[in-house]
Each structure stands twice: as structure tokens, then as C-alpha cells.
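Residue-level structure breakdown
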Amino acid sequence: MSTLKASPQGLTRIKQARIEKGWAVDDFRWLQSASQVVDASWEEDNVLAVGISPGTWKRFLAGKFPINTEAFKAYCQVLGLNWEEVVDRPEDTNTNKSLAIENRHDWGEAPDVSIFYGRQEELNTVQQWIVQENCRLITLLGMGGIGKTSLSVKLAHQIQDRFDCIIWRSLRNAPPIDEILVELIQFLSNQEETNLPTQIDGKISGLLKYLRSGRCLIILDNLESILQAGDRTGSYRPGCEGYGQLLQIIGDTFHQSCLILTSREKPKGLAALEGESLPVRSLQLSGLLATDGRSLFDVKGTFTATDDAWQILIDRYGGNPLAIKIVASSIRDFFDGDIAHFLNISQKIPFLFDDIQDLIGQQFQRLTTLEQQIMYWLSINREPVSLPELQADFVNNVPVRELIETLTSLQRRSLIEKTRIALPNNL
Ligand SMILES: Nc1ncnc2c1ncn2[C@@H]1O[C@H](COP(=O)(O)OP(=O)(O)O)[C@@H](O)[C@H]1O
Ligand SMILES: [Mg+2]
């Protein structure tokens, strides 16, 4: 019978993974999971031969004696570890040099987040997904300016100790997938890997090798840049389809790393990979709370307002921190920091600051004609509307199915939100 035991570093990882799972040494919840792992991949006859038991588990955790190979692999899997990284292979210590990923960080153009308010709940949720639940692919979604990029950087700072290496890249200029893969592999291999496969598949497999052998955190910001404009299914721009392949493999394949994406629009195929008990999740960001939005004003200057006026102001901009920062500067410069005055005037003459117009304009241009029409009607209505009301706005009849599909796509683009509205009694 073949046996394996953990290396000294492997043992540290096993301990860390066990603690992250919240399992005490004599907590045998692992037993059920380990049996499931084996059940899934073994013929029935072999299950007994595997020898999963409290005794082998304790020997595995102690790491002093070798245990049955299959039990070793199953235990690693339930702990979310790659057995090849944990196993003791004295003869390998020199040959596997390029896979020994040590502490390396490349923050690229990641912005400074020293001024950052609120978002505690979002930070806790995503941290839990990554640290406790070993999620492999996480997408932060939300409209422009809502704070996706900042949250991704703040989060990465918070969890950096959990990873061997971190790389942050923006896809703003829609780099070809090939370029990004080469950059990632070279960074993870410490520039040692220069002879890369020519095909995208080969490069993705090459990347996966690193994602398995170390804990890497990769953040790709602005994913919407590689999605097709004027398309409501979130499909990729021509030439960018390889990104879809990358996401699918990172979400579907076993490894110990994590890819965080930020995007204004949800990419195609992601929903199929997601699930509460699956390692692929997404988080839709909404605006900041009024108290946190207020802190953004504090750094801009001195403002006067009642609590109600603050709430109205921040609600008006949907708690969008970028919009709040733009408005704060204008109120300071043109209204002398008097928020009531600003609210009063802006009610009489609705106006939009140029920068906010740019922000909305960029997203608006990407919409289909029907999506644009719906956005016009929603803004003309000014209040939340029900589906029949919206349908009645259109002169030419729009089929309900099409209307619902288009509303769903506006939601996936983070441009509209669903709320409950009180229906008239006769409906
Ligand atoms: N929680 C926050 N606290 C303070 N400022 C924030 C916060 N979130 C975002 N911002 C600021 O708002 C602006 C837009 O944020 P950003 O992360 O770039 O949004 P997005 O990536 O969603 O377009 C930036 O200037 C950023 O510094
Ligand atoms: Mg951003």
C-alpha cells in the first residue's frame, strides 16, 4: 500500500487550513466530507481500502507518520489544499524551484485607499467567502463610481497575509487575454518561465499550475472593458472570448487561489458557475450609507446642513461615492458649503454636474436602443414604477417578455434596482 506524509511546510498549511475551517483536532466533521470526496472519485470497492478514520486523520494532522495515499489526498481536498503542495518529497526540494511561490506583491496601478469609509459588511462578506469558504472566483459588480475598485484594493490589503502572492491589474484598455496570461505567469514564476505555450489553452493550464501550487490572489479590475457594448447578454468583445475560458476554468477547477473581478456588467456564463455552496460568487455593490457618505464631505471642506438635508442629498446620488465627491466640491465652491441652498436651487432647476454626466454617459452609450428607452422612461417617471406602468409608457407595444429581459439586463449592468412599491388597491 502506498503512503504519504506532509512536509514541514505542508504541516503548517494543514494547520492553517484546519483553523480557517474552524475544526478542532478532535472535531470529526471532516470524516463525512472526506468520505464524500472519496465516494465521488472512487469505485465502491475501494472506499473501504481508503481507510478514512479518526485515527488516520489524527496521524495526518500530526504529520509524523505516513498514511494511506488516498486518505491523504482526500483529507487535503476537504481542507481545500492541493496534496502535491503539502506532501513531503525530499528529492523535490531543488527541482521544483519555479513553483515555490514566495511572498510577492505587484499592485500595478491600484489606487491608494488610505481614505476609505464604511463597507464593513461587504468586506466581511467577501473575506468570509475567500478565507473560510475558499472561493475561487469573486465578482464585485456595480455602476461606475460606486466603489468597486476601492473595495477590491481595501480587501486585498486586508487579506494579503493569507496569500503567497498578489497581483492587481486593470483591464481598462482591453488587453488581449494572451498579454494578461503572459504577465500573470511571468509574475508568478518570478520571471523564470519564458518559454510559454503559444495557444491560449496551454497558457491557461500553465497559469493553473501556479494557482494550484501556491495561494495567489489575482485582481482584474474593469472587466466591463472587454465586454461587448450594445449587447445585453454580457458577451465578450471579439478577440476577448479567451477571458470567458479563463473565468470558467478558474471557477470550475480545483486550486487554492482566488481571482477577484470588478465590473459594471455581469459577464456571460458567470451565473451558471455561481452558487451559495459553490466557490464562485458575486456581490452587487450599492451606495454608501448616509453617515459614510457624509464623511466624504468632511474631507472636502466645511458644510452646513440638517440631518434630513444630508440624507436627502446622499440619497439623491444613490450613495455613489464618486458622485458625492463631485457634488461636494461643487457645493463647497458655488454654494459656500450650504447644502440646503443647493437642494433648494437644484429642485427648481434640475442640473447635472459635467463629471456626473460623463459617468452616466459612458454607461448609457453601451446600452441597446430598448434599454436606452427604458432608462428615459424611468427617469421621466422619477419614482419607482411597476411593470404595467412602464409598459403603458411605450407608444408601440413592447412584449412583456422583452421588457422583462431588458430590465434584467439593466439590472445586470448595475443601472437599475428593484424595489417594492405599493400597488393601487384595484390591482
Ligand atoms: N468606501 C469609500 N470610502 C471613501 N471613498 C471611496 C469609497 N469607495 C469609493 N470611494 C471613492 O469614490 C471614487 C470612485 O470609487 P471607485 O472605487 O473608483 O469606483 P468604481 O471602481 O466602482 O468605479 C474614488 O475616488 C474613490 O476613492
Ligand atoms: Mg473602478
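Model, not experiment: these values are computed from the prediction. (Residues numbered from 1 in each chain as written. Chains lettered and ligands numbered in written order. Predicted model: local features only at pLDDT ≥ 70, side-chain atom pairs only at ≥ 80, totals over all residues.)

**Description of the overall build of the protein**
A count of helical and extended segments in the protein gives 20 helices and eight strands. Classification of the 427 residues of the protein by burial places 33% in the buried group. (Helix = DSSP H or I, 4+ residues; strand = E, 2+ residues; numbered from the N terminus. Buried ≥ 20, exposed ≤ 12 C-beta atoms within 10 Å, placed from the backbone.)

**Quick look at the site of ligand 1**
Contacts to ligand 1 come from 19 residues, most closely from Gly 147, Lys 148, Thr 149, Ser 150 and Pro 321. Elements with a contribution of two residues or more to the shell around ligand 1: α8 (148-159) and α15 (321-334). (Near = placed C-beta within 6 Å.)

**Thoughts on the sheet that holds strand β5 (residues 165-170)**
Strand order in the open sheet formed by six strands is β3-β5-β6-β7-β4-β8, with parallel pairing between adjacent strands. Edge positions in the open sheet fall to β3 (104-106) and β8 (280-284), since each of these has one partner strand only. Strand-to-strand twist across the sheet, computed as the mean angle between neighbouring axes with direction ignored, equals 15°. Relative to strand β7 (residues 258-263), strand β4 (residues 137-141) runs parallel, the two sharing five bridges. Paired with Leu 140 across the strands is Thr 262, a residue of β7. (Pairing = 2+ DSSP bridges. Axes fitted to C-alpha atoms, helices over the stretch in contact; angles between N-to-C directions.)

**Observations regarding the pairing of β4**
For β4, the tally of buried residues reaches five of five residues, placing the bulk of the element in the interior. Alignment of β4 against β8, held across five bridges, turns out to be parallel. Opposite Thr 139, over in β8, you have Ser 282 as the bridge partner.

**Describing the packing of helix α18 (residues 369-381) against helix α20 (residues 400-412)**
Interhelical geometry of α18 versus α20 gives an angle of 80° and a closest axis separation of 10 Å. Judged by the angle between their axes, α18 and α20 are roughly perpendicular. Side by side, α18 and α20 meet where Leu 370, Glu 371 and Ile 374 of the first sit next to Thr 406, Leu 407, Ser 409 and Leu 410 of the second. (Parallel < 35°, antiparallel > 145°, perpendicular 65-115°, else oblique. Contact = placed C-beta atoms within 7 Å.)

**Structural notes on the environment of Gly 244**
Within the secondary structure layout, Gly 244 lies in helix α11 (residues 241-252). Along the sequence, Gly 244 and Leu 11 sit 233 residues apart, while their C-alpha atoms lie 36 Å from each other. With residues near it in sequence (within four places) discarded, Gly 244 still touches Tyr 236, Pro 267, Lys 268 and Gly 269.

**A closer look at the nonpolar core**
Formed by 48 residues in total, the largest nonpolar core has its most connected members in Leu 184, Cys 216, Leu 217, Ile 218 and Leu 259. The biggest single contributor to this core is helix α9 (residues 177-188), with seven residues. Discounting residues that sit within four places of it in the chain, Leu 259 has contacts with Arg 136, Leu 137, Ile 218, Leu 220 and Ile 250. Membership of the second largest hydrophobic core comes to 19 residues, among which are Ala 34, Ala 74, Tyr 75 and Cys 76. (Core = buried A, V, L, I, M, F, W, Y, C linked by C-beta atoms within 7 Å.)

**Comments concerning helix α1 (residues 8-21)**
Taking 1.5 Å as the rise per residue, α1 with 14 residues should run 20 Å; its terminal C-alpha atoms sit 20 Å apart, in good agreement. Within the sequence span of α1, burial applies to Gly 10, Arg 13 and Ile 14. Buried positions in α1, seen along its axis, are confined to an arc of 100° and lie on one side of it. Across from the buried face of α1, at angles greater than 90 degrees, the exposed residues are Pro 8, Gln 9 and Ile 19. The inward-facing, buried residues of α1 abut α4 (54-62) and α6 (83-86). (Expected span 1.5 Å × (residues − 1). Arc of directions from axis to C-beta.)

**Examining unusual backbone geometry**
Backbone geometry at Arg 119 places phi at a positive 65°, although glycine is not the residue there. One non-glycine residue, Asn 190, lies in the positive phi region at around 60°. When you line up the elements, Asn 190 lands in the loop between α9 and α10 (200-213). According to the C-beta neighbour criterion, Asn 190 is partly exposed, with 14 such atoms within 10 Å.

**Description of the confidence of the model for the protein**
Residues at a pLDDT of 70 or more form 91% of the protein, whose mean pLDDT is 85. A low-confidence stretch, residues 42-49 stays under pLDDT 50, and its non-local contacts, those more than four residues away or across chains, total four contacts. Low pLDDT (under 50) marks residues 92-98, which in the prediction has three contacts with non-local residues, meaning those over four places away or in another chain. (pLDDT = per-residue confidence, 0-100.)

**Focus on the environment of Val 395**
Summarising the element assignment, Val 395 is placed in the loop between α19 (387-393) and α20. Looking at Val 395, the number of C-beta atoms within 10 Å reads 6, which means it is exposed. Expressed as a C-alpha distance, the spacing of Val 395 and Arg 59, which sit 336 residues apart in the sequence, is 74 Å.

**Considering the environment of Cys 135**
In this structure, Cys 135 sits in the loop between α7 (120-132) and β4. The exposure class assigned to Cys 135 is partly exposed, which follows from the 19 C-beta atoms found within 10 Å. Distance from Cys 135 to Ser 329, taken between C-alpha atoms, is 39 Å for residues 194 residues apart in sequence. Setting aside its immediate chain neighbours within four residues, Cys 135 contacts Trp 129, Ile 130, Cys 258, Pro 279, Val 280 and Arg 281.

**Looking at the packing of α9 against α10**
Axes are the key here: two packed helices are described by the angle between their axes and the distance separating the axes. One can describe the packing of α9 onto α10 by two numbers: an axis separation of 10 Å at closest approach and a directional angle of 30°. If you check the angle between α9 and α10, you find them roughly parallel. As α9 runs across α10, the sense of the crossing is left-handed. Where α9 abuts α10, its residues Ile 177, Asp 178, Leu 181, Leu 184, Ile 185 and Leu 188 lie against Ile 200, Lys 203, Ile 204, Gly 206, Leu 207 and Tyr 210. Classifying every residue of the contact of α9 with α10 gives nine nonpolar, one polar and two charged. (Left-handed = near helix turned anticlockwise from the far one by under 90°. Nonpolar A, V, L, I, M, F, W, Y, C, P; charged D, E, K, R; others polar.)

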